[in-house]
Amino acid sequence: MDVDVVCFGFNGFGQLCPENFTFIQELLPEDLKTQSVKSISFSWNKCYILLNDVLLIRGFIDEKKSNEKKLQLLFDYQTIKITCAGEHELCITEDGSCWKYSQNQWENITKYLHSFSQHSFKDRVKVIDVCSSDTLHLAVTDSGLVFNIPLQVEILPKIKITKVCCGLEHVVGLTDTGSIFTWGNGSRGQLGNDSLNSEENPQLLTCLDGILVTNIAAGGWHSAAITICGDVYTWGWNNFGQLGFPTNKNTEHSSSDTCSLLAVPKCVNYPDHDNVDVKEVSCGTQHTLILLMNGLIYGCGWNKYGQVNPCDKSEYFDGMTLVPVPKNVQTIHQIFCESWNSALFVTYKDHL
């Protein structure tokens, strides 16, 4: 099965194509067209495409727009994820190593996590997840520890984190028991703790305690979670409707139905659908996409660059709207949002 990636959103630095939809395979140089896209990441001026043994970077490079750069991945194990922000590139390989690109070479930084850990390891540290923003660079180990690289984040004893997502200044962490911990800047309600205060250390999200959470996401100043029942809860800043609810700019709704932010999680509703089962949620800086089990995609939030709906010129959607996909797409396997862009991992009809 051949999986391609369809991207849309900001293209101010030539990181994508000028059309509504960018098909990543069509962007690849001839010598890379046989390689599979394994992961993708967006910063505000670049698109990072992880292939089998190459990281392809497109956008503003060496002071030029629409430029391209190839970084060879000469590791002993396959690279499984890339995350990038600003001028920082992090990746993890199948053996649990975490690598950072610096001074024109890849450095294995897993050893630094071991050195700065408060935990005594019988075996070496194995990293299972990474994420980053301009101010945060996070790694999660197979033992449930979290590092704001290279320092370990202090979490309550016996709490095992399995996934982290970071906004510009806040972090959402998911535990192996389906609970959520949040920390960082809370000025726009993005921590979900019914406060606008910041938290230096991870705190349990008590508003969802007792509800089994299966997945999480974080945008610039907002957060989201999927429950075992297939519901999505959102909280944080809602200036462009990225939470899926009317903003206070919307004059079609009474003031009691609108919000500029939510400091506690609230369950999202969908037009014309009462029983919705959500498979995945992903957040960009000020937009959100949701993939349903039936293959439909809904989105909300800032749409200035078509990052929610590339076929609609509306500045924003402050309610869930159906997102169009190219006609030849058979199956959508995964969605991904970051910065001012979105991506769909898809299978085409003629590839089945």
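For the structure, check the block above.
Residues numbered from 1 in each chain as written. Predicted model: local features only at pLDDT ≥ 70, side-chain atom pairs only at ≥ 80, totals over all residues. Heavy atoms only, no water.

### Looking at the sheet that holds strand E3 (residues 39–42)
So, point 1. What the four strands build is an open sheet, ordered E3-E4-E5-E6; its pairing is antiparallel. In the strand order of this sheet, the two ends are held by E3 and strand E6 (64–72), each with one partner. Strand after strand, the sheet turns through a mean of 15 degrees between neighbouring axes, direction not considered.
So, point 2. Bridge count between E3 and strand E4 (residues 46–50): four bridges; the pairing is antiparallel. Along E4, the bridge assignment pairs Ile40 with Ile49. (Pairing = 2+ DSSP bridges. Helix = DSSP H or I, 4+ residues; strand = E, 2+ residues; numbered from the N terminus. Axes fitted to C-alpha atoms, helices over the stretch in contact; angles between N-to-C directions.)

### Concerning the sheet that holds strand E19 (residues 213–218)
So, point 1. Strands sit in the order E19-E20-E21-E22 across an open sheet of four strands; the sheet is antiparallel. In this open sheet, the two strands that pair with only one neighbour each are E19 and strand E22 (261–267). Looking at each pair of strands side by side, their axes are set apart by 10 degrees on average, direction ignored.

### Digging into the nonpolar core
So, point 1. Counting 19 residues, the largest nonpolar core has Val232, Tyr270, Val278, Ile290 and Met320 as its most contacted members.
So, point 2. Take this core: its biggest share by element is three residues, from strand E23 (residues 278–283).
So, point 3. Contact partners of Val278, with chain neighbours within four places excluded, come to Ile226, Gly230, Val232, Tyr270, Ile290, Leu291, Leu292 and Met293. (Core = buried A, V, L, I, M, F, W, Y, C linked by side-chain atoms within 4.5 Å. Buried < 20%, exposed > 50% of the residue type's maximum accessible area, 1.4 Å probe, protein only. Contact = heavy atoms within 4.5 Å.)

### Thoughts on the pattern of salt bridges
So, point 1. Inspection of every chain in the model, using the stated rule, returns three salt bridges.
So, point 2. The closest approach of N and O atoms between Glu68 and Arg58, which form a salt bridge, is 3.1 Å. In this pair, Glu68 is assigned in strand E6 and Arg58 in strand E5 (residues 54–61), connecting sequence segments 10 residues apart.
So, point 3. Note on Glu68: relative accessible area 32%, which makes it partly exposed.
So, point 4. The exposure class assigned to Arg58 is buried, which follows from its relative accessible area of 12%. (Salt bridge = Lys/Arg side-chain N within 4 Å of Asp/Glu carboxyl O.)

### Description of the pairing of E19
So, point 1. The buried fraction of E19 amounts to five of the six residues, a majority that puts the element mostly inside the structure.
So, point 2. Inspection of the sheet shows E19 paired to strand E20 (residues 222–227) by five bridges, in the antiparallel sense. When the sheet's bridge partners are listed, Ile216 is paired in E20 with Ala225.
So, point 3. Hairpin geometry of E19 and E20 is characterised by an intervening segment of three residues between the two adjacent antiparallel strands.

### Digging into the state of the cysteines
So, point 1. Considering all chains together, one arrives at zero disulfides under this definition.
So, point 2. This cysteine, Cys91, is not joined by any disulfide, and Cys98 carries the nearest cysteine sulfur, 7.2 Å off.
So, point 3. No disulfide involves Cys311; its sulfur sits 15 Å from the nearest other cysteine sulfur, which is in Cys7. (Disulfide = S-S within 2.5 Å.)

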